[in-house]
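Given next are the chains, with one letter for each unit.
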Amino acid sequence: MSEPIVVTGLGAVSPLGAGVPATWERLIAGRSGVGQNTRFDTEGWKCRIAGLVPGHEDDPEGFDPEAAMDPRELRRTDLFIHYAMAAAREALDQAGWQPEDPDARLRTATVIGTGVGGVPAITAANETIRTAGVRRLSPFVVPSFLPNLASGQVSIRFGFHGPSGAPVTACAASAQAIGDAMRMIRCGEVDIALCGGAEACVDPVAIGGFTAAKALSLGFNDAPQRASRPFDAGHDGFVLSEGAAMLVIERASHAERRGAVPLAVLSGYGTTTDAHHVTAGWPDGREAARAMELALASARLNASAIGYVNAHATSTPVGDAAELAALERVFGPGGGGVPVSSTKSATGHMLGAAGAMEAVFSVLALKEGRLPAGLNIEEPMEGAGRFDLVRGTARTAAPEHVLSNAFGFGGVNAALVFSRFT
């Protein structure tokens, strides 16, 4: 049997707060990070809400960009890179991994996914051309928005010379980043990896585009905290949000030699493609289910071993229904009684960063013995009543194994299994 891969560091920047402690505490308390979209003027827009990362000026647990990067670096990079750097620093600090040894740096991978990269920087550059002319563009425009520059900037900052990757597979991107890093360690290419995702596209183009696609919630502009409601009969679309999440993963013997404290085991990963439709998965969940089955096989577990599922469910009627169908394929009718919740009810949908954020929550569910609740489930949607939905308040439990799902446009499915470290 292959050597276990353990999680030794976590980092997060989310609509609930900056840092893992604030994000987790507020999640377990049942708070929502969804509110009015103040990023730009939304008067006259159909969607006026979003999940914005709070600033430190308004929230003591909010995000301070200058704690992540110096002012010159901030001006030269887009917001998704700022979030990535902050989450990376937190995860690496907890793991105690900022090596000076050149060989250790050679054996460190950096894999940070994103759904779209720096859309706001692209939008702003286009506006500069329109109003001031192309000669006014900064030479840093292109590296400010390239999707791989979150991984690139982080690897430069910490001097990691191992493989650098940036999956750009929509909402499955950061789950695939974790899976890619896991494979690098398993095949012996590296000993340790920083992996996760970052997103910051609460922007007129993204909000307008998702609105045109009929993907966003439009019915809760006056009650934004009620808008994200996966598995509820009243769901009408997802809430676009932003943030970043990172994990440090490594071989167990590597962690032991350097005295790192494992938080959990990353025991399984599976990924598939629907090859069905650009924005919708198979209604029967067939390929999403197969990704879960591959993750379980990778972990050498039966479905009955799973004690909690952090669902991908985004609050869209089609997507939520397909995931329920997939869960029944894997676990049996009603999901076999396995507790299920979608933490997007509290964070909104962080697109390419969502899978990593939910991986962080899965690790903490194992470590802290608390299952996060799904908010806003007032009347379960058709078929959801058969499931053990964790509703309203967090539940005390002691799962040995947790499954976390992430599905993206283009038909990409990814599933991760985390296990209690013993």
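The text that follows walks through the structure, step by step, so that each part is easy to find. (Residues numbered from 1 in each chain as written. Predicted model: local features only at pLDDT ≥ 70, side-chain atom pairs only at ≥ 80, totals over all residues. Heavy atoms only, no water.)

Concerning the overall build of the chain
In step 1: When helices and strands are counted, the chain shows 14 helices and 16 strands.
In step 2: Relative to the compact-globule value of 22 Å for 422 residues, the chain shows a C-alpha radius of gyration of 20 Å, a close match.
In step 3: In terms of principal-axis extent, the alpha carbons of the chain reach across some 60 × 55 × 40 Å.
In step 4: Within the chain, the fraction of its 422 residues that count as buried is 60%.
In step 5: For the chain, the exposed surface amounts to about 16100 Å²; the carbon and sulfur share of it is 52%.
In step 6: Of the charged side chains in the chain, 34 are positive and 44 negative, and the gap between their average positions amounts to 2 Å. (Helix = DSSP H or I, 4+ residues; strand = E, 2+ residues; numbered from the N terminus. Rg over C-alpha atoms; globule rule 2.2 N^0.38 Å. Buried < 20%, exposed > 50% of the residue type's maximum accessible area, 1.4 Å probe, protein only. Areas by Shrake-Rupley, 256 points an atom, 1.4 Å probe, with all protein chains shown as cover. Lys, Arg positive; Asp, Glu negative; His and termini not counted. Charge placed at Lys NZ, Arg CZ, Asp CG, Glu CD.)

Concerning the pairing of strand β15 (residues 401-408)
In step 1: When you tally the buried positions in β15, you get eight out of eight residues, the bulk of the element.
In step 2: Bridge count for strand β10 (residues 308-310) against β15 is three bridges, and the pairing is parallel. Looking at the pairing, Asn310 lines up with Ser404 of β15.
In step 3: Taken together, the eight bridges between β15 and strand β16 (residues 412-419) define a ladder with antiparallel strand orientation. Directly across from Ser404, in β16, lies its bridge partner Leu416.
In step 4: Linking two consecutive strands that pair antiparallel, namely β15 and β16, is a turn of three residues; a positive phi of about 90° is found at Gly410 within it. (Pairing = 2+ DSSP bridges.)

Notes on the side chain of Glu323
In step 1: Structurally, the position occupied by Glu323 is in helix α12 (residues 317-331).
In step 2: Look at Glu323: it is buried, it has no salt bridge, and the nearest opposite charge is Lys344 at 6.9 Å.
In step 3: In terms of polar contacts, Glu323 uses its side chain to reach the backbone amide nitrogen of His312, at 2.9 Å.
In step 4: Once residues within four sequence positions are removed from consideration, Glu323 is found in contact with Ala311, His312, Ala313, Asn405 and Phe407. (Salt bridge = Lys/Arg side-chain N within 4 Å of Asp/Glu carboxyl O. Polar contact = N/O pair within 3.5 Å; in protein donor to acceptor, adjacent residues only side chain to side chain. Contact = heavy atoms within 4.5 Å.)

Thoughts on the pattern of salt bridges
In step 1: The final tally for this structure, using the stated rule, is 20 salt bridges.
In step 2: Of the charged contacts, one joins Asp59 and Arg26 as a salt bridge, the two residues approaching to 2.8 Å between their closest N and O atoms. In this pair, Asp59 is assigned in the loop between β4 (49-50) and α2 (71-76) and Arg26 in helix α1 (residues 20-28), connecting sequence segments 33 residues apart.
In step 3: Among the salt bridges present, the one from Arg229 reaches Asp232, with a minimum N-O distance of 2.9 Å. Here the two residues Arg229 and Asp232 agree in accessibility, since each one is buried.
In step 4: It is possible to trace a salt-bridge network through shared partners that takes in Glu3, Arg107, Asp191 and Arg251.

Some words on the side chain of Thr169
In step 1: Considering the arrangement of structural elements, one finds Thr169 in the loop between β6 (164-165) and α8 (173-186).
In step 2: A distance of 3.4 Å separates a polar atom in the side chain of Thr169 from the backbone nitrogen of Ala173.

Examining the packing of aromatic side chains
The geometry of an aromatic ring pair is captured by two quantities: the separation of the ring centres and the angle between the planes.
In step 1: Per the counting criterion, the structure on display carries six aromatic pairs.
In step 2: On the numbers, 5.9 Å between centres and 20° between planes, the contact of Phe158 with Phe160 is stacked. The residues Phe158 and Phe160 share a single accessibility class, namely buried.
In step 3: Ring plane angle 75° and centroid distance 5.2 Å describe the contact between Phe210 and Phe238, whose orientation is recorded as edge-to-face. Linking Phe210 in helix α9 (residues 204-212) with Phe238 in the loop between α9 and β8 (243-251), this pair joins segments that are 28 residues apart in sequence. With respect to class, Phe210 is no different from Phe238; both count as buried.
In step 4: Through a chain of ring-to-ring contacts, three or more aromatic side chains come together here, namely Phe210, Phe238 and Phe409. (Phe/Tyr/Trp six-rings, centres within 6.5 Å; stacked < 30°, edge-to-face > 60°.)

Looking at α12
Residues that lie three or four places apart on an α-helix share one face, since the helix turns once every 3.6 residues.
In step 1: With 15 residues, α12 extends 21 Å from end C-alpha to end C-alpha; this agrees with the ideal 21 Å at 1.5 Å per step.
In step 2: Within α12 the residues assigned to the buried category are Asp320, Ala322, Glu323, Leu324, Ala326, Leu327, Val330 and Phe331.
In step 3: Among the structural elements, α11 (286-299), β10, β11 (339-341) and β15 are those in contact with the buried residues of α12.
In step 4: Looking one or two residues past α12, Gly332 carries a phi angle of roughly 100°, positive in sign. (Expected span 1.5 Å × (residues − 1).)

A few points about unusual backbone geometry
In step 1: Although it is not a glycine, Lys214 sits at a positive phi angle of roughly 60°.
In step 2: Note that Lys214 resides in the loop between α9 and β8.
In step 3: Of note in the backbone geometry, Ser315 takes a positive phi value of approximately 95° without being a glycine.
In step 4: Assignment of secondary structure puts Ser315 in the loop between β10 and α12.
In step 5: Residue classification places Ser315 among the buried residues on the basis of a relative accessible area of 0%.

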